[in-house]
Amino acid sequence: MTPFRLICKIGTPMQLGNHPLHLDGLLYWLAESYTDKPIAVLDAVLAKQDGIYKASALASAPSPLEIVTYRSTRHPTCWEWNEWDMPLSLKSIVQKGGQYRARLTDYHAHVCSQVVFFGVGDIAKIKAIMATCNGLGRNSNQGMGEITSFEIEPMAQDY
């Protein structure tokens, strides 16, 4: 197991949740999509100390001439969309109110060109798992927090 730094280049604003995004949580989420035993995958790719994975939380890593900015993004959402239960006897759908009303939800987003994680583990296996990741944070399936590229650098010591 080797200490490493994982740098992700981000192409779109990231919507972070209420809790920090940790590398072990991200790898767990990615491993869960292709195996029934994601904990076994984490045990194989990350080192542990006192039962805790050696993986850091996400940190912004802008270049010296950049700043991290904070902005608001808006996505269409409708939490009660029931298109399959629409009665066939109705000739129109009321869109100014009720369950079919168009809704826009505001989200807070961070704009940063790159983020960094630190950890100790098997670099080749982590690189293979990270290759399946499209984005970081909430609403990554809608294009937020898009990872344009990433690189893993071995480090001399564990940070």
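Residues numbered from 1 in each chain as written. Predicted model: local features only at pLDDT ≥ 70, side-chain atom pairs only at ≥ 80, totals over all residues. Heavy atoms only, no water.

(A) Main features of the overall build of the protein. Per the secondary structure count, the protein includes three helices and eight strands. Relative to its 159 residues, the protein shows a buried fraction of 33%. Nonlocal contacts in the protein, meaning residues at least 24 apart in sequence, comprise 80% of its contacts between residues at least 6 apart. (Helix = DSSP H or I, 4+ residues; strand = E, 2+ residues; numbered from the N terminus. Buried < 20%, exposed > 50% of the residue type's maximum accessible area, 1.4 Å probe, protein only. Contact = heavy atoms within 4.5 Å.)

(B) Structural detail: the sheet that holds strand S8 (residues 147–154). Read from one edge to the other, the open sheet built from four strands follows the order S4-S7-S1-S8, with strand pairing classed as antiparallel. Strands with a single pairing partner mark the edges of an open sheet, and in this sheet they are strand S4 (59–60) and S8. Sheet topology note: the S4/strand S7 (residues 114–121) ladder contains two bridges and is antiparallel. Bridge assignment links Ser60 to a residue of S7, and that residue is Val115. Strands in contact with helix H3 (residues 123–130) are strand S1 (2–10), S7 and S8; relative to S8, the strand with the most contacts, it is inclined by about 175 degrees. (Pairing = 2+ DSSP bridges. Axes fitted to C-alpha atoms, helices over the stretch in contact; angles between N-to-C directions.)

(C) Up close: the pairing of S7. The buried fraction of S7 amounts to seven of the eight residues, a majority that puts the element mostly inside the structure. Relative to S7, S1 runs antiparallel, the two being bridged by eight bridges. Note that in S7 the partner of Phe4 across the bridge is Gly119.

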